[in-house]
Amino acid sequence: EPSVLHGMIEVIVERKDEPFMRKSIVAIVGRPNVGKSTIFNRLVGERISIVEDIPGVTRDRIYSQAEWLTTNFNLIDTGGIEIGDEPLLVQMREQAEVAINEADVIIFMVNGREGMTAADEEVAKLLFKSNKPVVLAVNKVDNPEMRDQIYEFYSLGFGEPFPISGTHGLGLGDLLDEVVKHFPELEQADEDDLTIHFSLIGRPNVGKSSLVNALLNQERVIVSDIAGTTRDAVDTPFTKDGRDYVIIDTAGMRKRGKIYETTEKYSILRALKAIERSDVVLTLIDAETGIIEQDKKIAGYAHEAGKAVVIVVNKWDTVEKSEKAMKEFEDQIRAHFQFLDYAPIVFLSAKTKKRIHTLLPRVLEASENHAKRVETNVLNDVIMDALAMNPTPTVKGQRLKILYATQVAVKPPSFVVFVNDPELMHFSYERFLENRIREAFGFEGTPIKIFARRRK
Ligand code: GDP
Ligand code: GDP
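What this report covers is the structure whose coordinates are included nearby. (Residues numbered from 1 in each chain as written. Chains lettered and ligands numbered in written order. Predicted model: local features only at pLDDT ≥ 70, side-chain atom pairs only at ≥ 80, totals over all residues. Heavy atoms only, no water.)

Next up on the list: the overall build of the chain. For the chain, the count of helices and strands is 13 helices and 18 strands. Within the chain, the fraction of its 456 residues that count as buried is 52%. Surface summary for the chain: the accessible area is close to 21,500 Å², and the carbon and sulfur share equals 50%. (Helix = DSSP H or I, 4+ residues; strand = E, 2+ residues; numbered from the N terminus. Buried < 20%, exposed > 50% of the residue type's maximum accessible area, 1.4 Å probe, protein only. Areas by Shrake-Rupley, 256 points an atom, 1.4 Å probe, with all protein chains shown as cover.)

What follows is about helix α3 (residues 88–102). Across its 15 residues, α3 extends 21 Å between first and last C-alpha, which sits within 8% of the 21 Å expected from 1.5 Å per residue. All of the buried residues in α3 are Gln 91, Met 92, Glu 94, Gln 95, Ala 96, Val 98, Ala 99 and Glu 102. (Expected span 1.5 Å × (residues − 1).)

Time to look at the sheet that holds strand β11 (residues 280–286). Spatial ordering of the open sheet is given by β8-β9-β10-β7-β11-β12-β13, a layout of seven strands whose pairing is mixed. This sheet does not close on itself; its edge strands, each paired only once, are β8 (221–223) and β13 (345–347). Averaged over all pairs of adjacent strands, the angle between their axes in this sheet comes to 30°, without regard to strand direction. Note: strand β7 (residues 196–201) against β11, four bridges, orientation parallel. (Pairing = 2+ DSSP bridges. Axes fitted to C-alpha atoms, helices over the stretch in contact; angles between N-to-C directions.)

A few words on the environment of Lys 140. For Lys 140, the position within the fold is in the loop between β5 (134–139) and β6 (162–163). Classification of Lys 140 as partly exposed rests on a relative accessible area of 25%. C-alpha separation for the pair Lys 140 and Leu 170, spaced 30 residues apart in sequence, amounts to 9.3 Å. What Lys 140 contacts, discounting residues up to four positions off in sequence, is Asn 33, Val 34, Asn 111, Arg 113, Met 146, Ile 164 and Ser 165. (Contact = heavy atoms within 4.5 Å.)

What follows concerns the sheet that holds strand β16 (residues 402–409). One open sheet holds the three strands; their spatial order is β16-β17-β18, and the pairing between them is mixed. If you trace the sheet from one side to the other, it starts and ends with β16 and β18 (449–454), each paired once. Neighbour to neighbour, the strand axes of the sheet diverge by 25° on average, direction disregarded. The strands touched by helix α13 (residues 427–441) within the sheet are β16, β17 (414–419) and β18, with β18 carrying the most contacts at an inclination of about 125°.

Looking now at the nonpolar core. By size, the foremost hydrophobic cluster in this structure holds 28 residues, and its most contacted members are Ile 311, Val 313, Trp 316, Phe 329, Ile 333, Phe 337 and Leu 340. Those elements giving two or more residues to this core turn out to be α8 (264–276), β11, α9 (293–304), β12 (308–314), α10 (323–336) and β13. If sequence neighbours within four positions are ignored, Phe 337 has contacts with Ile 285, Ile 291, Asp 295, Lys 296 and Ala 299. Counting residues in hydrophobic clusters, the runner-up holds 27 residues, among them Leu 200, Val 212, Ala 214 and Leu 282. (Core = buried A, V, L, I, M, F, W, Y, C linked by side-chain atoms within 4.5 Å.)

Centre distance and the angle of the planes are the two values used to describe a pair of aromatic rings. Taken as a whole and assessed by the stated rule, the structure comprises 15 aromatic pairs. Ring centres 6.0 Å apart and planes at 90° place the aromatic pair Phe 108 and Phe 158 in the edge-to-face group. Here Phe 108, found in strand β4 (residues 105–111), pairs with Phe 158, found in the loop between β5 and β6; they are 50 residues apart in sequence, far enough to count as distant. Through a chain of ring-to-ring contacts, the aromatic side chains of Phe 108, Phe 128 and Phe 158 assemble into a single cluster. Positioned above the aromatic ring of Phe 443 is the side chain of Lys 372, whose terminal nitrogen or guanidinium carbon lies 5.4 Å from the ring centre. (Phe/Tyr/Trp six-rings, centres within 6.5 Å; stacked < 30°, edge-to-face > 60°. Lys NZ or Arg CZ within 6 Å of the ring centre and 35° of its normal.)

α13 packs onto helix α12 (residues 376–389) with a crossing angle of 130° between their chain directions and a minimal axis gap of 10 Å. Comparing their axes, α13 and α12 come out oblique. Here α12 and α13 pass one another in a crossing that is right-handed. Here Val 378, Leu 379, Val 382, Ile 383, Ala 386, Leu 387 and Met 389 of α12 come into contact with α13, specifically with Tyr 429, Phe 432, Leu 433, Arg 436, Ile 437, Ala 440 and Phe 441. (Parallel < 35°, antiparallel > 145°, perpendicular 65-115°, else oblique. Left-handed = near helix turned anticlockwise from the far one by under 90°.)

Near ligand 1 you find 15 residues, and of these Asn 33, Ser 37, Thr 38, Asp 142 and Gly 166 are the closest. Lys 140 is positioned such that a nitrogen or oxygen atom in its side chain is 2.8 Å from an oxygen atom of ligand 1. At 2.7 Å from a nitrogen atom of ligand 1 is found a side-chain nitrogen or oxygen belonging to Asp 142. Coverage of ligand 1 by the protein chains reaches 70% of its 580 Å² of free accessible surface. The element contributing the most residues to the shell around ligand 1 is helix α2 (residues 36–51), with three residues. (Near = heavy atom within 4 Å. Polar contact = N/O pair within 3.5 Å; in protein donor to acceptor, adjacent residues only side chain to side chain.)

Once that is clear, we can look at the site of ligand 2. Taken together, the neighbourhood of ligand 2 is formed by 15 residues, with Asn 205, Lys 208, Ser 209, Ser 210 and Asp 317 sitting nearest. Ser 349 places a side-chain nitrogen or oxygen 3.1 Å from an oxygen atom of ligand 2. Between ligand 2 and Lys 351 there is a distance of 3.1 Å, counted from an oxygen atom to a backbone nitrogen or oxygen. Its free accessible area being 580 Å², ligand 2 has 71% of it covered by the protein chains. Top contributing element to the shell around ligand 2 by residue count: helix α6 (residues 208–216), with three residues. Of the residues assigned to the shell around ligand 2, the class counts are three nonpolar, seven polar and five charged. (Nonpolar A, V, L, I, M, F, W, Y, C, P; charged D, E, K, R; others polar.)

Next comes the structure, spelled out in structure tokens:
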């Protein structure tokens, strides 16, 4: 039986020369119980099972990566956004608002078994006004005889309704073909563009805005006048020591109406969009209050997205300054954020600007490592040395054989190791190889990915 990773490896190998692209965002909107979560899980299922077991990170499933044919996109289940005990219509309106603001294409889902309801018509009105592309999906059409039930939904005004069945996985291909047709032409990152895009994430009051201001007010930082060009984000380009940077606004900073302030999940969505567009993500921790569960969750998103990460301990002015205090805090971070063991830690104060100058050099380094390519022959020398040092394990009388390795992608650096049988590559041996690769090439600040693949 092919492993879950098997399909992914094929994809990575085929796409090695494609430039990095921002992914389109699709949101699923609809009344409770029409089957949004069922469809969401079907579309992202495999991937969730891959990313879910980052130790210490609880995952909520409102946002995930999905894939159709060769197109990757991000999917939002607005049903996961719960707003207190407000009445249905209010909730629906707010979900629609999220979808309209965030998504490139909206899947409007209705229930073919129950037929049209007043709430469906209400949501339709909002979506209609938004001018976003909307694809209408009629769920719970579990067999061909039920297809007649889709016709009444023509009157919602979104053209042809697509019959689907979440439980049986029917009709999803046609639906996604239609969704993908509406994806906008997205700005493609220029491979030669050396500008370093970074964002700051962290819970409210950790000091994100203060740190942005402190960075921009440093000596010899030249802030360009050009206003951010990217749709719905306020980006600030600046230059320091001959390098170009862009700070991507994580916008929890900008408030837009009630829902934006009251929904924690919603601010996470905004952070996720900023992460998506970043090369490097600065994960902020408040030295004054210490590490809390929410910090881990937020940091987990940066890690999952495969971005370079720098951990910033802000408000260091509030802590008694000593080598010992710093070491203790560092130990705590390493214990809580084991999945970020590659991320450097910077201690600073946005308020007093102490140690602020230590930050950008780490951002630069992490960004360079994130985009680093190593030569195949040098890589294989390293792997062969590693094999000599720690022979491959034997599982049920079968020994793992490593034939050769090659780097197939950057951002983050990804390696395929060709082996006799991928099942024999256990986590601990993969980890050992990762550590050898890190020691040899210095990938500080960036995750790296290793995929075992059977040699054809
Ligand atoms: P959500 O509230 O819109 O996220 O809806 P859920 O995904 O939680 O689904 C609500 C109920 O509908 C669950 O009991 C599902 O098993 C069921 N359901 C989802 N899709 C289908 C389908 O295609 N056919 C049928 N018969 N039931 C479905
Ligand atoms: P944001 O919500 O993450 O953008 O946080 P802000 O930048 O608005 O900061 C929240 C609060 O923390 C404000 O009262 C800041 O003055 C304060 N603050 C930010 N950075 C520091 C710092 O380095 N030291 C201290 N003592 N306070 C800080």
